[in-house]
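What follows is the residue order along each chain.
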Amino acid sequence: MYLVPNVLSQQLESQYPFWQAPLPFDLIDAEMSGKISAHGAHGIIRIAAHDNRDSLTARINAYRKHHSAPSFCFAHLLPQQPQGDNPDSFAAEILQRRLFTEPLTAQRGDHFLDLLDIAMAAKPRAIGFAQGLPDRETLSLIREQNIFTFAIVGNLLEAISADDYGVDALVLQGMEAGGERSYFSNDLPRVEQSALSLLQQVRKYSDKPLVLWGDFTDGADIVAAIISGAQAVMLDRPFLACAENGLDPEIRERIIHASEYDSEISRQYTLRPLRCLRHGFSKENEELLRGDEALFAAAFDIKPEERPLSVALSAIDDPQNLTHYLNHQAQHIRQLIA
């Protein structure tokens, strides 16, 4: 039943050791996450700080069109940070002019704990955290419900801390991975390192299941990660480019073929820096709009084609669709490990 039998695949009942990366701005929406899970991988709904109860409930319902048990990843800065002021009207006007949209109103998010209640009531497969951890009491409440937990970390000290807090699995994000840079809110120096380098460090200090989020172009890369100690890998480009995700053909082609020369770390769109394909905002506009994810989310709801394409460094082969991609990778992996 399981392509790579291990504790993680059995716990999550995932046929394939492939986790979908939680990308911002619904690049992979909740319905697509449900399709990914229905095909035997691990689809994940990203919950942003600007989400509210109604929007989260709608996304859970969309996921459940295809799979009964969602997984979630919170993008909140944790422990819970005070929410900022309402978006600056001048910044909203600049973004409106830049994208030629109607007047923008950013959604004010509900409190993290309120959203967590909604997530826990959905009887999820897993709940994870991308930007730090909640307090120990909150984490214990989640685990008391027999909900699998994970944390995305970017260095060894964060991995050790998350292990000490008792999360069930660690997702190790390398500098080459797509998505927001995941790190805890502290004054420790941040070391940029590859996913494999981080894996080599963490496996010496933790016996928790490890998921590697790096730059995986084919089955050989995935096998290398598993042989090196990972139980699963987190993927951004392949799932983003699958036909079921419904992207315009030109955008899809860019996701597949854009190389490392098209990639950058941008501080524009999200509170944490985001690896994405190059964007066209001026430096002046960047300073005014920097990190206002709620405002950008409102704009991209109107113009989704303007969303930053948050993907890992390297180009990939065309995944075509979920069935083709998963079957092709499984065949390749079986050949390599035979």
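As shown above, the structure is provided for reference.
The rules behind the values
Residues numbered from 1 in each chain as written. Predicted model: local features only at pLDDT ≥ 70, side-chain atom pairs only at ≥ 80, totals over all residues. Heavy atoms only, no water. Salt bridge = Lys/Arg side-chain N within 4 Å of Asp/Glu carboxyl O. Helix = DSSP H or I, 4+ residues; strand = E, 2+ residues; numbered from the N terminus. Buried < 20%, exposed > 50% of the residue type's maximum accessible area, 1.4 Å probe, protein only. Pairing = 2+ DSSP bridges. Right-handed = clockwise from strand over helix to strand, strands pointing away. Polar contact = N/O pair within 3.5 Å; in protein donor to acceptor, adjacent residues only side chain to side chain. Contact = heavy atoms within 4.5 Å. Patch = residues over 30% accessible without salt bridge, like charges linked within 9 Å, V, L, I, M, F, W, Y side chains within 5 Å. Areas by Shrake-Rupley, 256 points an atom, 1.4 Å probe, with all protein chains shown as cover. Lys, Arg positive; Asp, Glu negative; His and termini not counted. Charge placed at Lys NZ, Arg CZ, Asp CG, Glu CD. Axes fitted to C-alpha atoms, helices over the stretch in contact; angles between N-to-C directions. Disulfide = S-S within 2.5 Å. Core = buried A, V, L, I, M, F, W, Y, C linked by side-chain atoms within 4.5 Å. Phe/Tyr/Trp six-rings, centres within 6.5 Å; stacked < 30°, edge-to-face > 60°.

### Considering the pattern of salt bridges
At step 1: Applying the stated criterion across every chain, the model contains 12 salt bridges.
At step 2: With a shortest N-O distance of 2.9 Å, Glu293 and Arg46 are connected by a salt bridge. Of this pair, Glu293 sits in helix H13 (residues 293-302) while Arg46 sits in strand S2 (residues 45-47), placing them 247 residues apart in sequence.
At step 3: Accessibility expressed as a relative area gives 7% for Arg46, which makes it buried.

### Focus: the pairing of strand S6 (residues 169-173)
At step 1: Burial analysis of S6 places 5 of its 5 residues in the buried class, the great majority of the element.
At step 2: Across the two faces of S6 the burial is the same, with Ala169, Val171 and Gln173 and Leu170 and Leu172 all buried.
At step 3: Examined bridge by bridge, strand S5 (residues 148-153) and S6 share 4 bridges and lie parallel to one another. Following the sheet pairing, Phe150 is matched in S6 by Ala169.
At step 4: Assessed by its sense of winding, the connection that carries the chain from S5 through helix H7 (residues 156-165) to S6 is right-handed.

### Considering the environment of Gln268
At step 1: Position of Gln268 among the secondary structure elements: in the loop between strand S10 (263-266) and strand S11 (274-277).
At step 2: Distance from Gln268 to Ser37, taken between C-alpha atoms, is 31 Å for residues 231 residues apart in sequence.

### Let's talk about the side chain of Arg252
At step 1: In this structure, Arg252 sits in helix H11 (residues 249-257).
At step 2: On the basis of relative accessible area, Arg252 is assigned to the buried category, the value being 15%.
At step 3: Looking at Arg252, its side chain comes within polar contact range of the main-chain oxygen of Ala241, at 2.5 Å.
At step 4: With near-sequence residues (within four places) excluded, Arg252 lies in contact with Ala241, Cys242, Ala243, Asp318, Pro319 and Gln320.

### A few points about the environment of Ala62
At step 1: As for its placement among the helices and strands, Ala62 is situated in helix H3 (residues 53-63).
At step 2: A relative accessible area of 18% means that Ala62 is categorised as buried.
At step 3: Sequence spacing of Ala62 and Glu31 is 31 residues, and the spatial spacing of their C-alpha atoms is 4.8 Å.
At step 4: Discounting chain neighbours no more than four positions away, the residues touching Ala62 are Ala30 and Glu31.

### Considerations on unusual backbone geometry
At step 1: Geometrically, the link from Leu78 to Pro79 is a cis peptide bond, its omega value of 0° lying close to zero.
At step 2: Here Pro79 is to be found in the loop between strand S3 (71-74) and helix H4 (89-99).
At step 3: At Glu13, a residue that is not glycine, the phi angle is positive and equals roughly 55°.
At step 4: One non-glycine residue, Asn146, lies in the positive phi region at around 60°.

### Here we look at a negative patch on the surface
At step 1: Taken together, the side chains of Asp248, Glu250, Glu305 and Glu306 define an acidic patch exposed on the protein surface.
At step 2: Among the secondary structure elements, Glu306 is positioned in the loop between H13 and helix H14 (322-337).

### Some remarks on the sheet that holds strand S1 (residues 18-20)
At step 1: As summarised here, the arrangement of the 8 strands in space is S1-S9-S8-S6-S5-S4-S3-S2, forming an open sheet in which the pairing is parallel. Where the open sheet ends on each side, the last strands, each with one partner, are S1 and S2. Neighbouring strand axes in the sheet, compared pairwise and without regard to direction, differ in orientation by 25° on average.
At step 2: Alignment of S6 against strand S8 (residues 210-213), held across 4 bridges, turns out to be parallel.

### So, the state of the cysteines
At step 1: Scanning all chains against the criterion turns up 0 disulfides.
At step 2: Here Cys73 stays unpaired: no disulfide links it, and the sulfur of Cys276, its closest cysteine neighbor, is 18 Å away.

### Describing the nonpolar core
At step 1: Of all hydrophobic cores here, the largest spans 89 residues; its most connected members are Phe18 and Trp19.
At step 2: Membership of the second largest hydrophobic core comes to 15 residues, among which are Leu104, Leu274, Cys276 and Ala299.

### Here we look at the packing of aromatic side chains
At step 1: What the rule picks out here adds up to 12 aromatic pairs.
At step 2: Summarising the aromatic geometry, the rings of Trp19 and Phe150 are spaced 5.2 Å apart at their centres and angled 75° between planes, so their arrangement reads as edge-to-face. Here Trp19 is found in strand S1, whereas its partner Phe150 is found in strand S5, with 131 residues between them in sequence. Of the two residues examined, Trp19 and Phe150, each falls in the buried class.
At step 3: Taking the centre distance of 5.0 Å and the plane angle of 80° together, the rings of Phe74 and Phe112 count as edge-to-face. Remark: Phe112 occurs in helix H5 (residues 112-121) and Phe74 occurs in strand S3; sequence separation between them is 38 residues.

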